[in-house]
Amino acid sequence: MYTISFRQWSTYSIAAIIFIFILAFFFVMKMENRLKESIEGFSIVHADSLIWGAQQFRNDLNRVRTLLQAYGDPFIEFDPSELQESADILYSQFETLNFTTQRLESIEDQGLTPPIAFEKLSQLFNVLDQHLTIFIQHPNNQGYVSLLSNLDTVSDEASVYSAKILHLKQFQTTSLRAQILSHANNYKLSLIVVFVGTLLLIGVVWHANWRINIFNAHLEQAVLHGEEAAQTKAQFLSSMSHEFRTPLNAISGYIQLILMCLTPEQRKNVTGYEKAIDTSVNNLVDLVDQILELETLLHGNESLILDKVDIRLMISNAVMLSGRQAITHHVNIHTNNNHQSFEIETDSGMFTQVITCLISNGIKFNHDGGDVWVSSKVEGDQVIIRVEDNGIGIPAEKIQKLFQPFERLGHEAGAINGSGTGLSVCQTICTRLGMTLDYVPRKSGGSIFILKAQKNFSQTQEKSNSINKPKTQTNHHIGTQTNHHTQAI
Amino acid sequence: MLLRELKLYIPAFVVLLAPQIGYAKDIIFIEGLSQRTAEKPIKMSIEEFEALAPASQIKTTTPWHRQSTFSGISGKDLVKHLGIKGTTINALAINDYQVTIPVSDLTELGVLFATRLNGKRLKLRNKGPVFVIYPFDQNPSLKTEVYYGRSIWQVKQLTIQ
């Protein structure tokens, strides 16, 4: 039993370790994904691009200024188409800057909102672009001066914008660093949890194993003691037969001799004593016999002699054997076997013993004028034998001990003779014969025993504990049988 | 990280380094190892460039656009109609930014030499006249700095090597 428990423990522990590792694996994977998302999030942050983009935007502005200044310099040729191309490239750069700005994540609680920061630059640039377009189409001095001023304003605003984005970038970098450190700490925590959990489980398994080993050692010792006790008991019981029977036979014999020496008148005076001694001796002999019989049955030392027997005949024999006892106890036996001849394959001696015992109990535990009903009923391949009495019955709280040996169910100090082994012997025999014996309380007082026997003997049940040793005192000895069904197992 | 991000802006940034802009608008030069340019470089207007092959389309987002429909000459068609024999194409932008694009990108990755954005001709102000576009949405593995860097705009010259 403990070995199985140990295996279960091991299985549970291994399953738990696997579960923890799977859990840890998923936890670590989740952490890794979060870290990856943070890093990817960082990679799509275009703060760096925007800073550089703003710088290049200012460079583009300077190029436009250089080309524009050719207008005011009499020594350099002013080419409007070249200025237009630079203006177009500047616009293209502005558009890229604008698009990237819109995609940059905002940090609301810090007041860092790139689109808002870009808004003023956007407004100033649009004015500049319009002025540039007008100037390229109609160059004039007023426009030239105005454009130079606009270029300075836009360049300054681009610097402010660049500073804001730089601040944003620094904040995001700090935030990402904190996130990565947090994830790293979670990694550490998860690994520590897994490590400690595994150690705990290993400890539990080790402890369980240690305890189980101790239990097993105790169990083995107990089994050894049990075997020794059983051996001692067997030796005692086998010697008891001789040691008890010899003095009892001597007592009985010498009482007979003493009676023979007495005159008829003297005999009349001691007749009561002689009967009492005789009865006591017989009871003691019966008790020894029953104990020995039970021991023999329990150890399976007695072989079965199987034969086909008529159930009605067996019941009649049992009733007949109990007739004398019924008369003595003033109990009436009623039989009801109104079915056709039904043969079952069983050991007739043991079977009769069971029926006789059940009837005997019905008689013994009854009152004057009581009744015992013995009936049988065939159902398919089985016969149901019912032994019912209207005697004193069995208290409900003692039914559980009904089939235990030496259990007299409250009659230990009563006037009814017996060793308390009868029903135990019946139960043992029934088990060996492949039958079932059940008890049902009788509603109006008394007991009902129901015995169910199959038509064919279940060889598989008997195979393991039978010995091929025929009884020498039975009529169904294997050597004398002509019936081809007879077999000894 | 900074250098990689820089690639996105190099096409526009390098304009300062360009010694002279002297070029004609909406004209593209093609030269190098192809059947049509074997003897001498060819110069074609953007209309002639568009007439090289039936128009192809890509609907995608880019780091510089929301989801838009780009149309122009597919890389496969360009290889076919020019009879490209080289393995790489050097693309030069108006601001003298240049990148090297493997011909295998044209034949296998579905590169588009876009001349139109949502049906309208790309101008210099919106990164025309030719914009090299990769199908980023159709193939997310292209969303890397390598392919962002190869997505050159304001292309004025292709040199097949």
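Just so we're clear, the structure is a prediction, and the values are computed from it rather than from any experiment. (Residues numbered from 1 in each chain as written. Chains lettered and ligands numbered in written order. Predicted model: local features only at pLDDT ≥ 70, side-chain atom pairs only at ≥ 80, totals over all residues. Heavy atoms only, no water.)

Across chain B, the average pLDDT comes to 83, with 84% of residues at or above 70. Note that pLDDT drops below 50 for residues 1-24 of chain B; the model gives that stretch 58 contacts with residues more than four away or on any other chain. (pLDDT = per-residue confidence, 0-100. Contact = heavy atoms within 4.5 Å.)

With that settled, the discussion passes to a nonpolar patch on the surface. Together, I14, I18, I22, F25, F26 and M29 of chain A give the surface a local cluster of nonpolar side chains, amounting to about 590 Å² of exposed area. On the basis of relative accessible area, I22 of chain A is assigned to the partly exposed category, the value being 42%. (Patch = residues over 30% accessible without salt bridge, like charges linked within 9 Å, V, L, I, M, F, W, Y side chains within 5 Å. Areas by Shrake-Rupley, 256 points an atom, 1.4 Å probe, with all protein chains shown as cover. Salt bridge = Lys/Arg side-chain N within 4 Å of Asp/Glu carboxyl O. Buried < 20%, exposed > 50% of the residue type's maximum accessible area, 1.4 Å probe, protein only.)

What follows is about helix 9 (residues 348-364) of chain A. Residue and element names in this part refer to chain A. Between the first and last C-alpha of helix 9 there are 24 Å, a value that for 17 residues agrees with the 24 Å anticipated at 1.5 Å per step. Taken across its 17 residues, helix 9 has 14 buried, putting it largely inside the fold. Of the residues that open helix 9, the one with a side-chain oxygen 3.1 Å from the backbone nitrogen of G349 is D347. (Helix = DSSP H or I, 4+ residues; strand = E, 2+ residues; numbered from the N terminus. Expected span 1.5 Å × (residues − 1). Polar contact = N/O pair within 3.5 Å; in protein donor to acceptor, adjacent residues only side chain to side chain.)

Turning our eyes to something else, we now look at the sheet that holds strand 2 (residues 42-45) of chain B. Residues and elements named next belong to chain B. The strand order across the open sheet formed by 5 strands is 2-1-10-5-6, and the pairing between neighbours is mixed. Two strands bound the open sheet, and with one partner strand each, they are strand 2 and strand 6 (98-102). Each strand axis lies, on average, 20° off the axis of its neighbour in the sheet, ignoring direction. Note: strand 5 (residues 88-93) against strand 10 (residues 155-160), 5 bridges, orientation antiparallel. Bridged to A93 within strand 10 is V155. (Pairing = 2+ DSSP bridges. Axes fitted to C-alpha atoms, helices over the stretch in contact; angles between N-to-C directions.)

One pass over the full model with this rule turns up 21 aromatic pairs over all chains. Plain terms: the ring middles of Y439 of chain A and F449 of chain A are 5.3 Å apart, the flat faces sit at 55° to each other, and that makes the pair tilted. Placement of Y439 of chain A in strand 6 (residues 436-441) and of F449 of chain A in strand 7 (residues 447-454) is noted, with a sequence separation of 10 residues between them. Aromatic side chains F136 of chain B and Y148 of chain B sit 5.3 Å apart centroid to centroid with 50° between the ring planes, which places their arrangement in the tilted category. (Phe/Tyr/Trp six-rings, centres within 6.5 Å; stacked < 30°, edge-to-face > 60°.)

Residues and elements named next belong to chain A. Read from one edge to the other, the open sheet built from 5 strands follows the order 2-4-5-7-6, with strand pairing classed as mixed. Either end of the sheet is taken by a strand with one partner, and the two such strands are strand 2 (332-336) and strand 6. For this sheet, the mean angle separating the axes of adjacent strands, direction not counted, is 15°. Of the strand pairs in this sheet, strand 5 (residues 382-389) and strand 7 are connected by 8 bridges, and their pairing is antiparallel. The partner of E388 across the bridge, within strand 7, is I448.

Packed helices, taken two at a time, are described by their axes: the angle between them and the distance between them. Residue and element names in this part refer to chain A. Where helix 2 (residues 47-72) contacts helix 3 (residues 80-103), the axes come no closer than 9 Å and their chain directions differ by 165°. Compared by their axis directions, helix 2 and helix 3 come out roughly antiparallel. Considering the relative orientation of helix 2 and helix 3, their crossing is left-handed. Contacts between helix 2 and helix 3 involve L50, G53, A54, Q56, F57, D60, L61, R63, V64, L67 and L68 on the former and, on the latter, E82, L83, S86, A87, I89, L90, Q93, F94, L97, T100 and T101. Looking at the contact of helix 2 with helix 3 residue by residue, the class counts come to 13 nonpolar, 6 polar and 3 charged. (Parallel < 35°, antiparallel > 145°, perpendicular 65-115°, else oblique. Left-handed = near helix turned anticlockwise from the far one by under 90°. Nonpolar A, V, L, I, M, F, W, Y, C, P; charged D, E, K, R; others polar.)

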